[in-house]
Amino acid sequence: MTTCRRRRIPVSALALTLAGATVAGGLTACAAQPDPGTVTVLNSATDAKEHTANQAFFDTCAEPLGLKVKQISVPADQVATKALRMASSDSLPDILELDGSELAQFAETDGLRPLAETGFDAEGFSDSAVSLGSYDGTQYGVARSVNSLALIYNTTMLADAGLEPPTTWEELRATAAALTQGNTYGMAFSASPNADGVYQFLPFFWSAGGDEAHLAEGTGGQEALQLWKDLVDDGSASRSVVNWNQQDVNDQFVSGRTAMMVNGPWQVPVLSAQDSVEWAVASIPVPQAGQDPVPPIGGTVMTVPKNSDTDRERNAGAILNCLNSEQNQLGWGERVNNVPTRADAAQAYREQNPELAPFADLVATARSRTAEVGTRWPMVGDALAGAFQSVLTGRSSPAQALERAAQQAGE
Amino acid sequence: MTTTVTPERTPEPAPAPAPAGHRSSARRRRVYQWLFVAPAVLYLLAFFGFPLVRNILMSFQEYTPTTYFTGEAPFNGLDNWRAVFSNELFGDALWQTVLFTVGSLVGQFTIGLALAVFFTRRFPLSGAVRAVLLLPWLVPMVVSAVVWRRIMDEDHGVLNSFLETLGLSGGGVPWLSSPSVALLSAVLVNIWIGIPFNMVILYGGLQEIPREVHEAAALDGAGPWRTFRSVTLPMLRPVVTVVLVLGFMSTVKVLDLILALTGGGPADSTQTLGTMTYQLSFLQLDFGQGAVVGNVLILISAVFAVLYLRVNRANAGRGK
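No experiment lies behind these values; they were computed from the predicted model shown.

Along chain B, the regular secondary structure elements total 14 helices and zero strands. Listing the helices and strands of chain B from first to last along the sequence gives α-α-α-α-α-α-α-α-α-α-α-α-α-α. What you see for chain B is a C-alpha radius of gyration of 26 Å, clearly larger than the 20 Å of a compact globule of 320 residues, by over 25%. Referenced to the eigenvectors of the C-alpha coordinate spread, the extents of chain B come out at roughly 85 × 75 × 30 Å. Looking at chain B as a whole, 38% of its 320 residues qualify as buried. For chain B, the proportion of contacts with a sequence separation of at least 24, taken over those separated by at least 6, is 68%. Here chain B displays about 18,200 Å² of accessible surface, and carbon together with sulfur accounts for 68% of that area. With 22 positive and 18 negative side-chain charges, chain B shows a separation of 18 Å between the mean positions of the two kinds.

In structure tokens form, the structure reads like this:
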């Protein structure tokens with residue numbers, strides 16, 4: 001076995017270098033035997049603090065089972081490609097933590113085990129969380145906590161202007177215009193041509209009734225595009241939004257260059273660590289008073305890749321059960337400022353973190369990006385990005401932009 | 001080679017058959033020759049030939065995430081090629097790649113050459129200034145791009161406030177936020193990055209030109225411009241070819257700079273074939289279509305590589 005293993009590593013490494021990821025073919029016959037007592041996890045916890053905190057949760061869960069957990073962490077945008085390379089050499093980890101928007105593509109490969117078959121207990125989770133981890137009606141992944149987008153505002157600036165945080169689009173435009181003065185814009189959002197921009201566009205697109213499976217149908221999409229365009233044309237938002245990712249938007253807010261922004265709870269550590277700007281969270285404005293906002297649900301889902309050794313799958317399932325106990329979910333949710341996905345844990349989270357309550361409420365009506373279009377999501381997202389970019393830069397009208405987007409998305 | 005040629009083997013209308021002993025020793029010699037070349041050939045085949053062939057095959061296959069799990073990538077004929085060529089973005093990306101490459105090369109080369117000529121004169125602190133000019137080369141591309149993103153910010157960027165102070169522009173120039181300016185901005189940044197490379201190579205080339213030639217030209221009454229055009233440039237030609245071809249190869253496939261600077265936006269105005277390959281392969285996970293665009297890039301590079309080899313061979317023929 002050892003000779004076999006020794007030979008295999010360089011050869012498959014060579015093969016991987018050559019083709020990025022070639023089908024390893026015959027090489028897999030000699031796959032290295034992983035330690036049966038160790039559960040491996042591929043995730044994006046590259047931040048040292050998060051990695052350590054995560055390890056503590058894993059260890060607490062693994063110890064009673066007589067197991068150890070080893071995390072392999074790579075940057076978030078490399079998890080999918082790394083996992084694909086591992087799949088081709090038959091060396092996938094026992095737990096694969098994917099971004100919610102990537103789940104469909106992996107589930108479609110038939111390489112993931114339905115969670116129910118691993119002994120995972122899916123009772124007591126919120127519907128939106130279940131849909132985030134499901135493909136074609138089967139649950140393949142579980143999110144410990146989820147996030148969404150809200151309106152974060154500078155309390156001092158609003159109070160000075162005698163304004164309340166806006167709740168409707170009309171109020172948003174008026175408030176943003178009133179807060180724009182000197183070097184400060186009233187509003188900031190990310191309209192970058194990538195996942196950040198698309199994520200931020202969705203609450204407006206969906207709340208207005210836009211449909212990602214039929215981009216050019218109805219007027220919702222056009223209205224959402226028009227709102228963004230109006231904010232920029234009014235001068236209430238910078239023309240640079242087309243370049244800003246969510247991090248840039250937060251930087252603008254923290255430096256006092258914008259009074260309000262759309263952003264997510266992952267910015268909370270940065271916001272809490274500074275004291276130059278007083279801030280609070282409000283729900284995202286909706287087209288008409290009284291409507292429910294429909295923001296996207298974000299977060300990572302833990303999946304169990306198929307393994308010829310069912311014991312390993314069962315171990316993974318047992319660890320997922322433990323990680324998702326009410327107490328562990330709550331602890332993790334508070335650690336990363338995300339909302340737990342068990343209804344009971346979410347309730348406790350809401351009570352213990354009243355300042356972040358709008359996020360907890362938004363998650364209840366949030367929608368999964370892939371629930372409707374599944375594996376087509378990357379193309380749809382790309383088409384949406386093209387649409388808001390061309391409208392914001394004045395290249396086309398909202399209607400034209402959506403027509404083109406529908407074509408691009410292959411409808 | 002010429003020293004080993006036996007009289008029997010000199011060109012004759014009807015060469016006499018070589019003695020058997022000669023033939024076997026010649027064969028052994030050939031085997032040895034190949035043995036020495038073999039490592040290089042194997043290396044090239046493994047690290048250049050194999051990926052190239054795979055990439056070409058991939059562009060005719062339905063290569064998706066499923067392929068990685070099942071190992072099956074059914075051939076789908078020209079489907080990928082058709083999909084890419086009917087994608088509106090492809091035409092735009094191709095045209096923008098041309099603009100980006102030509103713009104960058106012209107800028108890098110002219111400024112690099114001007115600086116190289118400038119530094120052939122000796123003056124105090126010339127070494128220090130040259131060292132500073134090399135800086136862009138030392139900074140990782142992504143870092144440069146991030147810094148330039150801040151410099152070119154429409155509202156708070158240093159570049160706009162600088163232009164305003166000089167009275168050159170009234171309002172903010174939308175360097176990165178307008179589709180009609182963004183590509184130019186990307187070119188400008190890439191020129192900045194490419195100047196040191198051009199300067200260093202051309203400077204080296206200038207050092208090779210014997211001083212006497214210039215002196216002779218001066219004696220013949222040629223002014224500085226005339227000397228540069230009729231003496232310096234022609235003697236610099238082999239180096240110029242190298243600089244331009246290498247510059248072309250590294251510019252045509254630029255990816256990290258554009259991704260970090262504009263992400264291909266706004267409104268796809270800075271998408272090039274490089275960013276398009278990235279987008280298709282790694283964001284949409286359609287590796288087949290990504291391979292098609294990659295192949296187009298390879299083809300373009302290959303054309304220039306062949307041109308380069310021909311020019312070099314012509315030069316070698318002239319004893320350069």
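After that view of the structure, there is still more to cover.
As a further point, take helix α14 (residues 343-352) of chain A. Taken residue by residue, α14(A) has A345(A), A346(A), A348(A) and Y349(A) as its buried positions. Along the axis of α14(A), the buried residues cluster in a sector spanning 165 degrees; they form a single face.

Okay, the packing of aromatic side chains next. According to the stated counting rule, one finds 28 aromatic pairs over all chains in the structure shown. Ring centres 6.2 Å apart and planes at 45 degrees place the aromatic pair Y199(A) and W266(A) in the tilted group. Of the two residues, Y199(A) is situated in helix α8 (residues 195-207) and W266(A) in the loop between β10 (258-263) and α11 (268-273); the sequence distance between them amounts to 67 residues. Geometrically, the ring pair formed by F282(B) and F287(B) is edge-to-face, given 6.2 Å between the ring centres and 85 degrees between the ring planes.

A few words on the sheet that holds strand β6 (residues 141-142) of chain A. Residues and elements named next belong to chain A. Spatially, the five strands line up as an open sheet ordered β2-β1-β3-β12-β6, and their pairing is mixed. This sheet does not close on itself; its edge strands, each paired only once, are β2 (68-73) and β6. Of the strand pairs in this sheet, strand β1 (residues 38-43) and β2 are connected by six bridges, and their pairing is parallel. Paired with V41 across the bridge in β2 is Q71. Strand contacts of helix α2 (residues 48-62): β1, β2 and β12 (300-303), with the helix running at about 155 degrees to β2, the strand carrying the most contacts. On top of the sheet, helix α12 (residues 310-323) reaches β1, β2, β3 (95-99), β6 and β12; it is set at about 65 degrees to β1, its chief contact.

Time to look at the UniProt feature "transmembrane region" (unreviewed entry) in chain B. Under the local residue numbering, the UniProt record ascribes the feature "transmembrane region" (unreviewed entry) to residues 31-53, 93-119, 131-151, 181-203, 239-267 and 287-311 of chain B. Annotated as 86% helix and 0% strand, the span residues 131-151 of chain B places its first and last C-alpha atoms 22 Å apart.

The partner chain B presents 38 residues to the 40 residues of chain A that form the contact. Both sides of the chain A and chain B interface together cover about 3,400 Å² of buried area, and 55% of this is carbon and sulfur. Seen at the junction of chain A and chain B, the total is eleven residue pairs in polar contact (both at pLDDT 80 or more). Grouping the amino acids of the side of chain A that touches chain B by side-chain chemistry returns 15 nonpolar, 16 polar and nine charged.

What follows is about the confidence of the model for chain A. Across chain A, the average pLDDT comes to 89, with 92% of residues at 70 or higher. Throughout residues 1-30 of chain A the model reports pLDDT below 50, and contacts reaching past four residues in sequence, or to other chains, amount to 42 contacts.

A word on the packing of α2(A) against α12(A). Residues and elements named next belong to chain A. The contact between α2 and α12 brings their axes to 9 Å, and the two run at 115 degrees. As judged from the angle between their axes, α2 and α12 are roughly perpendicular. For the crossing formed where α2 meets α12, the hand is right-handed. Along the contact surface, α2 presents F57, F58, C61 and A62, while α12 presents I319, C322 and L323. Broken down by class, the residue content of the contact of α2 with α12 amounts to seven nonpolar, no polar and no charged.

Opposite charge on two side chains permits pairing when their charged atoms draw close. Applying the stated rule across the entire model yields 17 salt bridges over all chains. The partner of D234(A) in a salt bridge is R173(A), and the shortest N-O contact between them spans 3.0 Å. Here R173(A) lies in helix α7 (residues 169-179) and D234(A) lies in the loop between α9 (220-233) and α10 (246-254), a separation of 61 residues in the sequence. A salt bridge links D79(B) to R82(B); the nearest nitrogen and oxygen atoms lie 3.4 Å apart. Taken together, the residues D79(B) and R82(B), both in helix α3 (residues 79-86) and three residues apart, mark about one turn of the helix. Overall, D79(B) belongs to the partly exposed group, its relative accessible area being 39%. Each of the salt bridges in this network shares a partner with another, and the network as a whole consists of R113(A), E117(A) and E313(A).

Residue and element names in this part refer to chain A. Spatially, four strands are ordered β9-β10-β8-β11 in an open sheet, and the strand pairing comes out mixed. Two strands in the sheet have a free side with no partner beyond their single neighbour: β9 (185-188) and β11 (279-282). Within this sheet the neighbouring strands show an average axis-to-axis angle of 20 degrees, counted without direction. Strand direction decides the pairing type here: β9 and β10, joined by three bridges, are parallel. The residue of β10 that forms the bridge with Y185 is T258.

With that settled, consider a nonpolar patch on the surface. Where nonpolar side chains cluster on the molecular surface, the patch consists of V31(B), Y32(B), W34(B), L35(B), F36(B), V37(B), V41(B), L42(B) and L45(B) and spans about 980 Å² of accessible area. Structurally, the position occupied by V31(B) is in helix α1 (residues 20-58).

Residue and element names in this part refer to chain B. Locating S59 in the fold gives a position in the loop between α1 and α2 (65-70). Classification of S59 as buried rests on a relative accessible area of 0%. Setting aside chain neighbours within four positions, we find S59 in contact with N80, W81, G288, A291, V292 and N295.

Residues and elements named next belong to chain B. Of all residues in chain B, 91% have pLDDT values of 70 or greater, and the mean over the chain is 87. Here residues 1-12 is a poorly scored stretch, pLDDT under 50, and it has four contacts once near neighbours within four places are set aside; other chains count. Confidence estimates for the predicted assembly give a pTM of 0.86 and an ipTM of 0.82.

Rules used in this analysis
- Residues numbered from 1 in each chain as written.
- Chains lettered and ligands numbered in written order.
- Predicted model: local features only at pLDDT ≥ 70, side-chain atom pairs only at ≥ 80, totals over all residues.
- Heavy atoms only, no water.
- Helix = DSSP H or I, 4+ residues; strand = E, 2+ residues; numbered from the N terminus.
- Rg over C-alpha atoms; globule rule 2.2 N^0.38 Å.
- Buried < 20%, exposed > 50% of the residue type's maximum accessible area, 1.4 Å probe, protein only.
- Contact = heavy atoms within 4.5 Å.
- Areas by Shrake-Rupley, 256 points an atom, 1.4 Å probe, with all protein chains shown as cover.
- Lys, Arg positive; Asp, Glu negative; His and termini not counted.
- Charge placed at Lys NZ, Arg CZ, Asp CG, Glu CD.
- Arc of directions from axis to C-beta.
- Phe/Tyr/Trp six-rings, centres within 6.5 Å; stacked < 30°, edge-to-face > 60°.
- Pairing = 2+ DSSP bridges.
- Axes fitted to C-alpha atoms, helices over the stretch in contact; angles between N-to-C directions.
- UniProt positions renumbered as here; feature names shortened; annotations may be inferred.
- Buried area = accessible area lost by both parts, 1.4 Å probe.
- Polar contact = N/O pair within 3.5 Å; in protein donor to acceptor, adjacent residues only side chain to side chain.
- Nonpolar A, V, L, I, M, F, W, Y, C, P; charged D, E, K, R; others polar.
- pLDDT = per-residue confidence, 0-100.
- Parallel < 35°, antiparallel > 145°, perpendicular 65-115°, else oblique.
- Left-handed = near helix turned anticlockwise from the far one by under 90°.
- Salt bridge = Lys/Arg side-chain N within 4 Å of Asp/Glu carboxyl O.
- Patch = residues over 30% accessible without salt bridge, like charges linked within 9 Å, V, L, I, M, F, W, Y side chains within 5 Å.

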